[in-house]
Structures are given as C-alpha cells and as structure tokens.
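Here are the chains, one letter per residue:
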Amino acid sequence: PLAYVPPQAALYSHAMSTPLDQRPLSKTQIFCSNLPWSVNGKMLRQAFEEYGEVVDAFVAYNGRSSRGFGYVTYKVDGCAAKAVEAWNADGFKHEWGDDEDSSRTTRVEMARERPKPRPEPRIGGRDGDRGERARIVSRAPRPLAVSSFL
C-alpha cells in the first residue's frame, strides 16, 4: 500500500529529503575527516594539490577551534577519485607537521551531493493570485482629500 502524502508536504523539500547515505556521490569533491586540529584550509589545499587543480579547500571551525573535518573540491572530475585512492592506499600516511596531533589518521572519501535548496514559499492562493499584499501595492493611489477650510 502507498502512504498518503499531504499536498502541503510536497511544497517543502526538507519534508521529503533523501537520507545522506542515499544521496549520489560528488564527482569533484572529497570529504576529509579526523583531521589534526592544527590543519587549516591552506594546509588542506597544499596536501591535495598534487592530484589536480583544487578549486576550494575548506576546514570546518566552531569559533576558533577546528571541528576536525573539511572538504576539497577539484576542477576536474577524475582528480577527486585519484586523491581518494591515493590517500586510502595501503600504508599511506600523510605527515601534516610537527604537532602532537599529526599522528591522527586522516580518512578521505568521496563527498555526498548536497540537497537542492528549498523552494521559495508561494504567496497567496490559487490561479495566479499573488496575495493581499500584491493587491494593496498594485492599487492606484487615492486622490488627495479636498479640505473644506479653504
């Protein structure tokens, strides 16, 4: 049996959003987790530039503290897959620097596509009615009242 979906639920994509594990993989973006706390966007970019032209490298922060994950976006499709393969190769370990937290093993995988933005809510009712606000704005200006004190 099919489940009933109320008509208003179709207006909002978040009501019917796809779970993360069912979203398609990105062809140009990778997700890096378990990053050392000292790694910033510039360091992340430099670490992945050897696999292709990096368009963007982003490390997530909570205030001034790293959240330990980030994203790298490549200009060309195949570069992201090449980087994931190289980083996940047997025995590969990237040296981030002299910090004590550089011993953390960074995990690299293809990022998931982000959901499409929610549609703008409709104003007004059916059949092209733009709502009360539109009617008020589009109304012709009222004539000035003539004073009887002239």
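Heads up: these notes are all about the structure in this document.

Cut-off values and rules
Residues numbered from 1 in each chain as written. Predicted model: local features only at pLDDT ≥ 70, side-chain atom pairs only at ≥ 80, totals over all residues. Heavy atoms only, no water. Helix = DSSP H or I, 4+ residues; strand = E, 2+ residues; numbered from the N terminus. Polar contact = N/O pair within 3.5 Å; in protein donor to acceptor, adjacent residues only side chain to side chain. Contact = heavy atoms within 4.5 Å. Core = buried A, V, L, I, M, F, W, Y, C linked by side-chain atoms within 4.5 Å. Buried < 20%, exposed > 50% of the residue type's maximum accessible area, 1.4 Å probe, protein only. Pairing = 2+ DSSP bridges. Axes fitted to C-alpha atoms, helices over the stretch in contact; angles between N-to-C directions. Phe/Tyr/Trp six-rings, centres within 6.5 Å; stacked < 30°, edge-to-face > 60°.

Okay, the side chain of S66 next. Counting through the fold element by element, S66 comes out in strand β3 (residues 65-74). Reaching out from S66, the side chain makes a polar contact with the backbone nitrogen of G68 at a distance of 3.0 Å. Those residues in contact with S66 that lie beyond four places of it in its chain are W37, V59, A60 and Y61.

Of all hydrophobic cores here, the largest spans 21 residues; its most connected members are I30, C32, L44, F48, V72 and Y74. When residues of this core are traced back to their parent elements, those giving at least two are β1 (25-33), α1 (41-48), β2 (54-62), β3, α2 (77-87) and β4 (107-112). For this core, the leading source of residues is α2, giving five residues. Residues contacting Y74, with those up to four places away along its chain left out, are T28, I30, F48, Y51, G52, E53, V54, V55, C79, A80 and A83.

What follows deals with the sheet that holds β4. An order of β2-β3-β1-β4 is seen for the four strands of this open sheet, with the pairing classed as antiparallel. The open sheet is flanked by β2 and β4, the only strands paired with a single partner. The mean angle between the axes of side-by-side strands here comes to 25°, regardless of whether they run parallel or antiparallel. On the sheet, α1 packs against β1, β2, β3 and β4 and is oriented at approximately 140° with respect to β2. Along the sheet, α2 makes contact with β1, β3 and β4, crossing β1 at roughly 35°.

With that settled, the discussion passes to the packing of aromatic side chains. If you walk through the whole model with that rule in mind, you get five aromatic pairs. For the ring pair F69 and Y71, a centre distance of 6.3 Å and an interplane angle of 90° mean the geometry is edge-to-face. With a relative accessible area of 27%, Y71 lands in the partly exposed category. Through pairs of rings, three or more aromatic residues link up here, namely F31, F69 and Y71.

Everything listed here is a matter of coordinates, which is why it stays silent on function.
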